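# Coordinates in review
Given next are the chains, with one letter for each unit.
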Amino acid sequence: MATKDKIQIDIDSEIRKRAETNLQMNGISLTHLLQTIITSIADNQISPSPTITEADLLAFIDEVLNALNGKEELESYTTLDALNKGLSN
């Protein structure tokens, strides 16, 4: 059985409430969204980069939400080389 860790963040309560409300309209919890994003980063060997813009992050979140809702399928890669090729396209 895998060991589970907890992650805590400090965030303005009003921002959290708005995010949870928007996510609930899509049938997704904030916890599930964050688990999906962190798992995606881990599985795809993507490291955080200071060059990621807010627009890029919002587009990524939209992509994840669409995948969770079954609106689109996320592209997957089995090697770092394949991922790098996909990112360069």
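For the structure itself, look to the data block above.
What this report covers is the structure whose coordinates are included nearby. (Residues numbered from 1 in each chain as written. Predicted model: local features only at pLDDT ≥ 70, side-chain atom pairs only at ≥ 80, totals over all residues. Heavy atoms only, no water.)

Within the protein chain one finds four helices and zero strands. Taken from the N to the C terminus, the helices and strands of the protein chain come in the order α-α-α-α. When its C-alpha atoms are laid out on the principal axes, the protein chain stretches across 40 × 30 × 30 Å. Counting the 89 residues in the protein chain, one finds 10% classified as buried. Residue pairs in contact within the protein chain that sit at least 24 positions apart in sequence constitute 58% of those at least 6 positions apart. Split by element, the accessible area of the protein chain, about 7700 Å² in all, is 53% carbon and sulfur. For the protein chain, the separation between the mean place of its 7 positive charges and that of its 14 negative charges on side chains is 8 Å. (Helix = DSSP H or I, 4+ residues; strand = E, 2+ residues; numbered from the N terminus. Buried < 20%, exposed > 50% of the residue type's maximum accessible area, 1.4 Å probe, protein only. Contact = heavy atoms within 4.5 Å. Areas by Shrake-Rupley, 256 points an atom, 1.4 Å probe, with all protein chains shown as cover. Lys, Arg positive; Asp, Glu negative; His and termini not counted. Charge placed at Lys NZ, Arg CZ, Asp CG, Glu CD.)

Counting six residues, the largest nonpolar core is built from Leu23, Ile28, Leu33, Ile37, Val64 and Leu65. Listing elements by their share of this core, those giving two or more residues are helix 2 (30-43) and helix 3 (54-68). Among all residues touching Leu65, those that are not within four sequence positions of it are Leu23, Ile28 and Leu33. (Core = buried A, V, L, I, M, F, W, Y, C linked by side-chain atoms within 4.5 Å.)

Among the structural elements, Ile28 can be located in the loop between helix 1 (13-25) and helix 2. Residue class for Ile28 comes out buried when judged on its relative accessible area of 5%. Among all residues touching Ile28, those that are not within four sequence positions of it are Leu23, Leu33, Leu65, Leu68 and Asn69.

Here we take up the environment of Asn26. The topology assignment puts Asn26 in the loop between helix 1 and helix 2. Of the residues examined, Asn26 reaches a relative accessible area of 31% and is grouped as partly exposed.

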